[in-house]
Amino acid sequence: MESSFGQRVPEVVVMTPDGFAQAGEAVLAVQQQRTVVLHLAGMPADEAQRTIDFVSGGVFAMDGQSERLGEMVFLFAPALVRIQRDRETESP
């Protein structure tokens, strides 16, 4: 997506697929420089795992990144996006 100034505007796509057939859409979105949040709670566990494996492989092949946000929620981002997540630090 481009703004009226010609600069690319970052875009986040939230997807809630109901089957593996939609996994390709997530990979294409990352290929188009969009960040994807994939919510898989509505899928059977085996199909959700297959979807994560497929999308993870496609995003990895594009030097993208992935992060698990929750039990069935994943973030996939193109290489140009920096993912920074707060981590609990251990007390000395």
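You'll find the structure just up there.
Worth saying up front: this structure is predicted, and the values here are computed from it rather than measured.

(A) Here's a closer look at the environment of L40. Here L40 lies in the loop between β2 (35-39) and α2 (45-61). Taking the relative accessible area as the measure of exposure, L40 reaches 0% and is therefore buried. With 34 residues separating them in the primary sequence, L40 and F74 have C-alpha atoms 8.3 Å apart. Filtering out sequence-adjacent residues up to four positions away, L40 remains in contact with P17, A48, T51, I52, M72 and F74.

(B) Quick peek at the pairing of β2. Counting buried positions along β2 gives four out of five residues, so the element sits mostly inside the fold. A crossover connection joins strand β1 (residues 12-15) to the parallel β2 through helix α1 (residues 23-31); in handedness this β-α-β unit is right-handed. Where β2 and strand β4 (residues 73-77) come together, four bridges link them in antiparallel fashion. Bridge pairing in β4 places V37 opposite L75.

(C) Examining the side chain of E67 more closely. Mapped onto the secondary structure, E67 falls in strand β3 (residues 65-70). For E67, a relative accessible area of 17% gives the class buried. Those residues in contact with E67 that sit more than four places away from it in its chain are V73, F74, L75, I83, R85 and R87.

(D) Main features of the packing of α1 against α2. Relative to each other, α1 and α2 sit at 25°, their axes nearing to 9 Å. Looking at the two axes, α1 sits roughly parallel to α2. Seen from above, α1 lies across α2 with right-handed handedness. Counting all contacts with α1, which are made through A23, G24, A26, V27 and V30, the residues of α2 involved are T51, F54, V55, G58 and V59.

(E) Quick look at the nonpolar core. With 18 residues, the main nonpolar core has M15, V36, L38, L40, V55 and F76 as its most contacted residues. Of all elements in the fold, only β1, α1, β2, α2 and β4 reach the threshold of two or more residues within this core. Per-element accounting of this core gives the leading share, five residues, to α1. Beyond its immediate stretch of four places on either side in the chain, V55 contacts A23, A26, V27, L38 and F76.

(F) Layout of unusual backbone geometry. Backbone geometry places Q33, a non-glycine residue, at a positive phi of 65°. Its location among the elements puts Q33 in the loop between α1 and β2. A relative accessible area of 34% places Q33 in the partly exposed class.

What counts, and at which threshold
Residues numbered from 1 in each chain as written. Predicted model: local features only at pLDDT ≥ 70, side-chain atom pairs only at ≥ 80, totals over all residues. Heavy atoms only, no water. Helix = DSSP H or I, 4+ residues; strand = E, 2+ residues; numbered from the N terminus. Buried < 20%, exposed > 50% of the residue type's maximum accessible area, 1.4 Å probe, protein only. Contact = heavy atoms within 4.5 Å. Right-handed = clockwise from strand over helix to strand, strands pointing away. Pairing = 2+ DSSP bridges. Axes fitted to C-alpha atoms, helices over the stretch in contact; angles between N-to-C directions. Parallel < 35°, antiparallel > 145°, perpendicular 65-115°, else oblique. Left-handed = near helix turned anticlockwise from the far one by under 90°. Core = buried A, V, L, I, M, F, W, Y, C linked by side-chain atoms within 4.5 Å.

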